[in-house]
Amino acid sequence: MAALPTAVIMHIVIELACFDSPAQVAATVKEKFGVQLSRQRIEAYHPERAAGARLGAKWRTLFYDTRARLLAKLDNIPIACRSYRLRVLDSVAGQAEEMGNLQLAMQVLEQAAREMAS
């Protein structure tokens, strides 16, 4: 197995940290770098998978720093927050009831239940 260039490894680690699947990462690596890698080889760069258990400290740090930045950005997007989504659904359900649209109100209640289950 040939060693990968640093730029390719960095790309793999960053995409995995951003919750891309190994198949998605393999596709972008092939597109951007012209390197074809198996999903299993990609998984070796994911520190939260068994295949990535021996990933070096440099790449682990990059993975967790990238993931933390991504999650921090998500915190600033209201719709990414469950409580915000539930408040909006509550408002929509109330409006649907006021309009007498009980079918819509029931659909919104079902959506809220799915939101709570996830």
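Residues numbered from 1 in each chain as written. Predicted model: local features only at pLDDT ≥ 70, side-chain atom pairs only at ≥ 80, totals over all residues. Heavy atoms only, no water.

K.L.:
Help me get a handle on the overall build of the protein chain, residues and values and all.
P.N.:
Assigned secondary structure in the protein chain consists of 6 helices and 0 strands. Listed N to C, the secondary structure of the protein chain is α-α-α-α-α-α in terms of helices and strands. Taken against the 2.2 N^0.38 rule, which gives 13 Å for 118 residues, the C-alpha radius of gyration of the protein chain at 21 Å runs more than 25% over that of a compact globule. The dimensions of the protein chain, computed from C-alpha atoms along their principal axes, are 65 × 25 × 25 Å. Going through the 118 residues of the protein chain one by one, you find that 28% of them count as buried. In the protein chain, once contacts between residues fewer than 6 apart in sequence are set aside, the share between residues at least 24 apart is 44%. Counting only carbon and sulfur atoms, one obtains 57% of the accessible surface of the protein chain, whose full area is about 8000 Å². (Helix = DSSP H or I, 4+ residues; strand = E, 2+ residues; numbered from the N terminus. Rg over C-alpha atoms; globule rule 2.2 N^0.38 Å. Buried < 20%, exposed > 50% of the residue type's maximum accessible area, 1.4 Å probe, protein only. Contact = heavy atoms within 4.5 Å. Areas by Shrake-Rupley, 256 points an atom, 1.4 Å probe, with all protein chains shown as cover.)

K.L.:
An account of the pattern of salt bridges is needed here, citing residue identities and associated values.
P.N.:
Under the defined criterion, the tally for this structure stands at 2 salt bridges. The shortest N-O distance in the salt bridge between Glu115 and Arg85 comes to 2.4 Å. Of this pair, Glu115 sits in helix α6 (residues 102-117) while Arg85 sits in helix α5 (residues 82-98), placing them 30 residues apart in sequence. Overall, the relative accessible area of 9% leaves Glu115 in the buried class. (Salt bridge = Lys/Arg side-chain N within 4 Å of Asp/Glu carboxyl O.)

K.L.:
Residues and numbers for α6, please.
P.N.:
Here α6 contains 16 residues, and its C-alpha end-to-end distance of 23 Å stays within 8% of the 22 Å for a straight helix at 1.5 Å per residue. For α6, the complete set of buried residues consists of Ala105, Val108, Ala112 and Glu115. The buried residues of α6 all sit within an arc of 75° when viewed along its axis, so they share a single face. Exposed side of α6, more than 90 degrees from the buried face: Leu102, Gln103 and Ala117 are the residues found there. On its buried face, α6 is in contact with α5. (Expected span 1.5 Å × (residues − 1). Arc of directions from axis to C-beta.)

K.L.:
Just give me the short version of helix α2 (residues 22-33), but keep the residues and values in it.
P.N.:
The first and last C-alpha atoms of α2 sit 16 Å apart over 12 residues, in line with the 16 Å expected at 1.5 Å per residue. Along its buried surface, α2 packs onto α1 (6-17) and α3 (39-43). Looking one or two residues beyond α2, the residue adopting positive phi is Gly34, at roughly 70°.

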